[in-house]
Amino acid sequence: MKLLLVSTNEAGQRLDKLLVKYLNEAPKSFIYKMLRKKNITLNGKKASGSELLVLGDEVRLFFSDETFDKFHTSTYQKASRKLDILYEDDHILLINKPAGMLSQRADGPEQSLVEYLITYLIESKAMTQEQLASFHPSVCNRLDRNTSGIVVAGKSLTGLQEMSRLLGERTMHKYYRCIVSGRMTGNCRLNGYLKKNHGTNQVQILKAPEDGALPIETEYRVLAYGEGVTLLEVLLITGRSHQIRAHLASIGHPIIGDPKYGKQGTNERYSRAYHIRYQLLHAYRLEFPDIEGTLSYLSGKSFTAPVPEIYQKLVPYEG
């Protein structure tokens, strides 16, 4: 017999929806047959599957181990790697992602931050493999593989939904730090239009609207100077693919180390001198807006992710 205790992540959904996730190899006809025969019960009683689950409900599956193993395949694969966790509570985590790591898994066998996150939660006993069958923690925002910095992850369904909503509404302020080629002066808000070439996975910055182009806004301020480079803090007002990288390159100041939008000669020079393998773009600070409801305790809070050491080598800066 298997006992499933309904947590906040499962509450509010129909019983049959939960069973389809948990018995992920079973046909629906089998699940409804087991409900009719009372081989699956809800709080000790016969159920149809249409019941809405509430916190604390008990779902019992009166199966042999062989039957259970046949119809339940765990999606968990251990992917151990130490994470730099900046903040954690019952609902969210803020993680300082290193450059070179995927935010989410793409085609192929390479593990991503999501897999490392799930392993961390299971090994820290924040969740069980059984709970993973009905709820998958995940990241709420993505950074390019070669961009470092803060990634928001949902540890609970509430956290995942609320953080995704705030990011979608753009009420959460995201500040980046980057080192660009050349000397820039003053503070500026850049406007333009971004058009993506899906074949090459590159974008083009336009001054005027065009079919398929989306409006963009990028705000920056100068923080400090190094030899032939400038350290910027960038506020991402719109969040388009490759926006910061392409927008700065379009005004003649590409990010050091950027293979897509940078200057090849400059990148090669810094690679030889400093062994730079990734673009020097870092999601540095996250500022939460006023939040109502369960996550109201995060209202107005700000979190930062220390920049990689190479930034200080190129542009020494305090602040």
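Everything below is about the structure shown above.
Every value quoted in this text rests on a predicted model; they were computed, and no experiment measured them.

Participant: Give me helix H6 (residues 157-169): which residues, what numbers.
Facilitator: For H6, with 13 residues, the first-to-last C-alpha span of 18 Å sits near the 18 Å given by 1.5 Å per residue. Of all the positions in H6, only Gly159, Leu160, Glu162, Met163, Leu166 and Leu167 are classed as buried. Of the surrounding elements, those touching the buried residues of H6 are strand E6 (92-97), strand E7 (138-139), strand E8 (148-154) and strand E9 (173-181). Of the residues one or two after H6, Arg170 is the one with positive phi, at around 60 degrees.

Participant: Go over a nonpolar patch on the surface, please, and point to the residues and values.
Facilitator: Where nonpolar side chains cluster on the molecular surface, the patch consists of Met1, Leu3, Leu5 and Phe62 and spans about 410 Å² of accessible area. Within the element layout of this structure, Phe62 appears in the loop between strand E4 (58-61) and helix H3 (65-71). Residue Phe62 is classed as partly exposed on the basis of its relative accessible area, which comes to 42%.

Participant: How would you sum up the sheet that holds strand E1 (residues 2-5)? Please name residues and give values.
Facilitator: Within the open sheet, the four strands sit side by side as E1-E4-E2-E3. Their pairing is antiparallel. The open sheet has two free edges, formed respectively by E1 and strand E3 (45-46), since each of these has just one partner strand. In this structure, strand E2 (residues 40-42) lies alongside E4, joined through three bridges in antiparallel fashion. By the bridge assignment for E4, Ile40 is matched with Leu61. Seen against the sheet, helix H1 (residues 15-22) touches E1, E2 and E4 and runs at an angle of roughly 50 degrees to E4.

Participant: Would you mind going over the nonpolar core in detail, with residue names and values included?
Facilitator: Formed by 47 residues in total, the largest nonpolar core has its most connected members in Ile179, Leu232, Leu248 and Leu280. Looking at which element gives the most residues to this core, the answer is helix H4 (residues 113-123), with seven residues. Setting aside chain neighbours within four positions, we find Ile179 in contact with Val229, Thr230, Leu231, Pro254, Ile255, Ile256, Leu280, Tyr311, Leu314 and Val315. The next biggest cluster of nonpolar side chains, apart from the first, holds 22 residues, and it includes Leu4, Tyr22, Met34 and Phe71.

Participant: How would you explain unusual backbone geometry if you had to name every residue and give the values?
Facilitator: At Lys38, a position not held by glycine, the phi torsion is positive, near 60 degrees. Along the chain, Lys38 falls in the loop between helix H2 (28-36) and E2. A positive phi is found at His242, a non-glycine position, where the angle reads about 60 degrees. Relative to the assigned elements, His242 resides in the loop between strand E13 (229-236) and helix H7 (243-250).

Participant: Summarise the pairing of E8; cite the residues concerned and give the values.
Facilitator: Of all the seven residues making up E8, seven are buried; the element is thus mostly covered by neighbouring parts of the structure. With six bridges connecting them, E6 and E8 associate as antiparallel partners. In the strand pairing of E8, Ile92 is matched with Gly154. Here E8 pairs with strand E14 (residues 281-287) via two bridges, running parallel. Bridge assignment links Gly149 to a residue of E14, and that residue is Ala283.

Participant: Go over the side chain of Glu162, please, and point to the residues and values.
Facilitator: Relative to the elements of secondary structure, Glu162 occurs in helix H6. Residue classification places Glu162 among the buried residues on the basis of a relative accessible area of 15%. If we ignore the near neighbours within four places in the chain, the residues touching Glu162 are Ile291, Glu292 and Leu295.

Participant: Outline the packing of aromatic side chains, supporting the account with residue identities and numerical values.
Facilitator: Scanning the model with the defined rule gives six aromatic pairs in all. Taking 4.3 Å as the distance between ring centres and 35 degrees as the angle between the ring planes, the aromatic pair formed by Phe30 and Phe71 counts as tilted. In this pair, Phe30 sits in helix H2 while Phe71 sits in helix H3, placing the two residues 41 residues apart along the sequence. Their ring planes at 90 degrees and their centres at 5.9 Å tell us that Phe288 and Phe303 sit as a pair that is edge-to-face. In this pair, Phe288 sits in the loop between E14 and strand E15 (302-304) while Phe303 sits in strand E15, placing the two residues 15 residues apart along the sequence. The exposure class assigned to Phe303 is buried, which follows from its relative accessible area of 14%. Seen from the ring of Phe68, Lys2 lies directly overhead, with NZ or CZ sitting 4.7 Å from the centre. Over the aromatic face of Tyr175 sits the side chain of Arg285, whose NZ or CZ is 4.1 Å from the ring centroid.

Reading guide: rules and limits
Residues numbered from 1 in each chain as written. Predicted model: local features only at pLDDT ≥ 70, side-chain atom pairs only at ≥ 80, totals over all residues. Heavy atoms only, no water. Helix = DSSP H or I, 4+ residues; strand = E, 2+ residues; numbered from the N terminus. Expected span 1.5 Å × (residues − 1). Buried < 20%, exposed > 50% of the residue type's maximum accessible area, 1.4 Å probe, protein only. Contact = heavy atoms within 4.5 Å. Patch = residues over 30% accessible without salt bridge, like charges linked within 9 Å, V, L, I, M, F, W, Y side chains within 5 Å. Areas by Shrake-Rupley, 256 points an atom, 1.4 Å probe, with all protein chains shown as cover. Salt bridge = Lys/Arg side-chain N within 4 Å of Asp/Glu carboxyl O. Pairing = 2+ DSSP bridges. Axes fitted to C-alpha atoms, helices over the stretch in contact; angles between N-to-C directions. Core = buried A, V, L, I, M, F, W, Y, C linked by side-chain atoms within 4.5 Å. Phe/Tyr/Trp six-rings, centres within 6.5 Å; stacked < 30°, edge-to-face > 60°. Lys NZ or Arg CZ within 6 Å of the ring centre and 35° of its normal.

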